[in-house]
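# Residue-level structure breakdown
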Amino acid sequence: MCGICGLLSNDAPDPGVVEAMNSAILHRGPDHGAVESFGRCVLGYRRLAIVDLEQGDQPVRSERGDIVAVFNGELYNFRELRSELERAGHEIGGHGDSALIPHAYEQWGPGFASHFEGMFAIALWDRTAERLLLVRDQLGKKPIAYTRLPNGDIAFASEVKALHRIPGFSRELDLAQLDAYLALQYTPRSGFAAVERVPPGSYAAIEGQSIQIERYWRPGPRRQPIAEEDAIRVVRDEVTAAVRRRLVADVPLGALLSGGLDSSIVVATMAASTAEPVRTFTVGFPDRTYDERSYARIVAERFGTRHEEITIDPQPELLQRLGEVFDEPFGDEAALPTLLVCEATRTHVKAALVGDGGDEVFGGYERYRAAALASHVPAFAGAAAAAALGRVRSARREPRSPLFRARRIAEVVASSPADRYPALVEIFPLELRQRLWSDESRAHATRTFLPAATDPRLVDLESYLPGDVLPKADIASMAASLELRSPFLDPRVVETGLALPRSLAFGKQALKRAFADELPPGIAERRKTGFGVPLDRWFRTDLREFAHELVLGGATRGLFKRTELERLLNEHASGTVDHGHRIWCLASLELWQRRYVDVAGSA
């Protein structure tokens, strides 16, 4: 696991610029780093050594040295690839995965990543063809951002904070991206007009002034249909194999354990596959409504893990730390417990497995069932139910209560068919954003930010997953110099989940049946609660003044109407409406602007 960066220039690029970029991502790889020039291209990287500890340094080269690459990630099928390439006549150094990348490019061309199984972001420079490739893994687990500078140079990095070290980097805001952020709690790119991202399952080919994006993989069902009588066995086999592929390491491994179905399955499979006790880590809150530590303990005891717990109390310093770590607007409050549990985990192990992706692949989100229900209920009935529930206090201000969820579903039923799923995922609905923006024309329908797909799992796999779930995991874990591995996001597992018969495709029915016998009683049937944070209480009590200062500080920028910001804060403080998540998004946006927009040269 590493961080990568670089600069492609029309003239002789300054290695000092890449040195500065590389220092901004030191946390991604404290074990080793390097910056090297290759004509018009300078490549930099930082290494967190997990595999091939002695010979895994970068950049890596082809036999002739005309193809060089830097690499962030892990290739789980590197042994098979190495054997295949060596049989084809390639001479590959070291014993790990990074050294084979230039040879894979020589063998298979620009689309070489279609042969890879793992998580990766790669920058490869073909000096003969004067071609720079920026390559991202199938699901987008590893990030890579790039920008064209005013002089025409192209710079890229694993994190946007590295781009801030470049003289002339533009901090002009992309207001359409900020509207998407208010709608979805994440930006499809970064919030900066000058920054782009290589999409998941794609590579950017940069030659001269041209940048061409090519897609080499899309999520979809596997080619072989799965008969219903075979589905449980197939799911069990594929998930088990995916976990075992992710146990290859030359350093100790652990697991993040929430006590939910997905992470419990990962721990169960690890425990059955390793001789040593699994190291497990969980995080909780004093607020019992949001605390899942008791379930994690049950799983830890069942599998005899070495278990660690941390507790989170509300402190302004925690939000400030998130503002430092996340170099893009990011409103998912689960970033806070993720960061803290990663920091605790890193004191014991260098890499850990997680349950990310199980909901998207096996239909675990409640909103999938809500979307299906909404298509069978008349819109007028939804509107009437929403109005009635809106008069009930708990339906307005207790996000984890059944009545609150029922009101949300009723509001969705009342929407037009095209807006129903977007309404289930949006944070600020369109009408609220129109009221909030100083210029209401900046607000756009939430559906315009989402891909068109009839299966909500595909919508999430191409939007919420690479926009929210994976950046949260990558940025939080890399800030602690910890590698996270996601078995449920193995492409084979994804293709299996999407091919399941409809009777097993939603509600994690296939996963529950495949692993229920191995899990402690009750774990498989637990309702999903998510990695939530008690924002409603925090912003009425401990963090009220801090949140007010941040949110109203943003009003001075001229983007939003101060009266609307005050209304949100007052309604939340009085308990009229729960705006906790919206206040968190606004506070996080202000922290990001103070750290990464206002201060020149920040990183």
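Scroll up to find the structure.
What comes next concerns the included structure. What you see is a predicted model, and the numbers here were worked out from it, not measured in a lab. (Residues numbered from 1 in each chain as written. Predicted model: local features only at pLDDT ≥ 70, side-chain atom pairs only at ≥ 80, totals over all residues. Heavy atoms only, no water.)

### With respect to the nonpolar core
Ile101, Phe112, Phe116 and Ile122 are the most contacted members of the largest nonpolar core, which has 99 residues in total. When residues of this core are assigned to their parent elements, the largest contribution, 7 residues, is made by helix H6 (residues 228–245). Those residues in contact with Phe116, other than ones at most four positions away along the chain, are Leu75, Asn77, Leu81, Leu100, Ile101, Ala104, Ile122 and Gln138. If you look at the next biggest cluster of nonpolar residues, it comprises 81 residues, including Val160, Phe281, Ile312 and Leu591. (Core = buried A, V, L, I, M, F, W, Y, C linked by side-chain atoms within 4.5 Å. Buried < 20%, exposed > 50% of the residue type's maximum accessible area, 1.4 Å probe, protein only. Helix = DSSP H or I, 4+ residues; strand = E, 2+ residues; numbered from the N terminus. Contact = heavy atoms within 4.5 Å.)

### Quick word on the sheet that holds strand S15 (residues 306–311)
Taken together, the 5 strands give an open sheet; going across it, the order is S15-S14-S13-S16-S17, and neighbouring strands pair in parallel fashion. Each end of this open sheet is capped by a strand with a single partner; those strands are S15 and strand S17 (483–485). Between one strand axis and the next, the sheet turns by 30° as a mean value, whatever way the strands run. Looking at chain direction, strand S13 (residues 253–256) and strand S16 (residues 351–353) are connected through 3 bridges and run parallel. Within S16, the position partnered with Leu253 by the bridge is Ala351. Strand contacts of helix H7 (residues 261–273): S13, strand S14 (279–284) and S16, with the helix running at about 155° to S13, the strand carrying the most contacts. (Pairing = 2+ DSSP bridges. Axes fitted to C-alpha atoms, helices over the stretch in contact; angles between N-to-C directions.)

### With respect to helix H3 (residues 101–108)
All of the buried residues along H3 are Ile101, Pro102, His103, Ala104 and Tyr105. Its buried side turned inward, H3 meets strand S4 (60–61), strand S5 (67–75), helix H2 (78–87), strand S6 (118–126) and strand S7 (131–136). Gly109 occupies a position one or two residues after H3 and carries a positive phi of about 85°.

### Thoughts on the sheet that holds strand S9 (residues 154–157)
As summarised here, the arrangement of the 6 strands in space is S2-S3-S1-S9-S8-S10, forming an open sheet in which the pairing is antiparallel. A single partner strand is all that each edge strand has here, and the edge strands are strand S2 (32–38) and strand S10 (195–197). Shown here is a sheet whose adjacent strand axes are inclined to one another by a mean of 15°, direction ignored. Summarising the sheet, strand S8 (residues 145–148) and S10 pair through 3 bridges and their orientation is antiparallel. Looking across to S10, one finds that Thr147 is bridged to Val195.

### Some words on the packing of aromatic side chains
Evaluation of the coordinates by the stated rule reveals 14 aromatic pairs. Geometrically, the ring pair formed by Phe112 and Phe116 is edge-to-face, given 5.5 Å between the ring centres and 65° between the ring planes. No difference in accessibility class separates Phe112 from Phe116, as the two residues are buried. Plain terms: the ring middles of Tyr365 and Tyr368 are 5.6 Å apart, the flat faces sit at 75° to each other, and that makes the pair edge-to-face. Taken together, Tyr365, Tyr368, Tyr421, Tyr464 and Phe506 form an aromatic cluster joined through their ring pairs. The ring centre of Tyr464 lies 5.0 Å from the NZ or CZ of Arg367, which sits over that ring. Cation over ring: Arg582 sits above Phe428, and NZ or CZ is 5.9 Å from the ring centre. (Phe/Tyr/Trp six-rings, centres within 6.5 Å; stacked < 30°, edge-to-face > 60°. Lys NZ or Arg CZ within 6 Å of the ring centre and 35° of its normal.)

### Section: the pairing of S14
For S14, the tally of buried residues reaches 6 of 6 residues, placing the bulk of the element in the interior. Of the two faces of S14, the one carrying Arg279, Phe281 and Val283 and the one carrying Thr280, Thr282 and Gly284 are both buried. By the bridge criterion, 3 bridges tie S13 to S14 in an arrangement that is parallel. Counted as the bridge partner of Ala255 is Thr280 from S14. This β-α-β element, S13 to H7 to S14, shows right-handed connectivity. With 6 bridges joining them, S14 and S15 adopt parallel strand pairing. Paired with Phe281 across the strands is Glu308, a residue of S15. Regarding topology, helix H8 (residues 293–303) serves as the crossover connection from S14 to the parallel S15, and that connection is right-handed. (Right-handed = clockwise from strand over helix to strand, strands pointing away.)

### Examining the state of the cysteines
Counting across every chain of the model gives 0 disulfides. Unpaired in terms of disulfides, Cys342 finds its nearest cysteine sulfur in Cys2, a separation of 17 Å. (Disulfide = S-S within 2.5 Å.)

### Some details on the environment of Ala385
Note on placement: Ala385 falls in helix H13 (residues 379–389). For the pair Ala385 and Gly168, spaced 217 residues apart in the sequence, the C-alpha separation amounts to 54 Å.

### Side note on the packing of helix H10 (residues 335–346) against helix H19 (residues 464–479)
Put simply, H10 and H19 touch, their axes get as near as 8 Å, and they point 35° apart. The two elements H10 and H19 cross, and the hand of that crossing is right-handed. Contacts between H10 and H19 involve Ala335, Thr338, Leu339 and Cys342 from the former and Lys472, Ala476, Ser477 and Ala479 from the latter. Split by residue class, the contact of H10 with H19 holds 5 nonpolar, 2 polar and 1 charged. (Left-handed = near helix turned anticlockwise from the far one by under 90°. Nonpolar A, V, L, I, M, F, W, Y, C, P; charged D, E, K, R; others polar.)

### Topic: the environment of Asp455
Along the chain, Asp455 turns up in the loop between helix H17 (430–436) and helix H18 (456–462). Residues in contact with Asp455, not counting those within four places in the same chain, are Leu498 and Phe506. In this structure the side chain of Asp455 is engaged in a polar contact, spanning 2.9 Å, whose partner is the backbone nitrogen of Arg457. (Polar contact = N/O pair within 3.5 Å; in protein donor to acceptor, adjacent residues only side chain to side chain.)

### Let's talk about the packing of helix H25 (residues 562–574) against helix H26 (residues 580–597)
Two elements in contact, H25 and H26, have axes separated by 10 Å at closest approach and are oriented at 135°. Our classification of the angle between H25 and H26 gives oblique. In the crossing of H25 with H26, the sense of the turn from one axis to the other is left-handed. Contact residues: Leu565, Leu568, Leu569 and His572 in H25; Gly580, Ile583 and Leu586 in H26. Class assignment of the residues belonging to the contact of H25 with H26 gives a composition of 5 nonpolar, 2 polar and no charged. (Parallel < 35°, antiparallel > 145°, perpendicular 65-115°, else oblique.)

### Remarks on the side chain of Lys512
Along the chain, Lys512 turns up in helix H22 (residues 509–515). Not counting residues up to four positions away in its chain, the partners in contact with Lys512 are Leu261, Gly507, Ala524 and Glu525.

### Brief notes about unusual backbone geometry
The omega torsion across Gln58 and Pro59 is -5°, close enough to zero to call that bond cis. Its location among the elements puts Pro59 in the loop between strand S3 (41–47) and S4. The phi dihedral of Ser481 is positive, around 55°, even though this residue is not glycine. Mapping Ser481 onto the fold places it in the loop between H19 and S17. The buried category is assigned to Ser481, whose relative accessible area is 10%. One non-glycine residue, Lys508, adopts positive backbone phi at about 55°. When you line up the elements, Lys508 lands in the loop between helix H21 (502–505) and H22. For Lys508, a relative accessible area of 8% gives the class buried.

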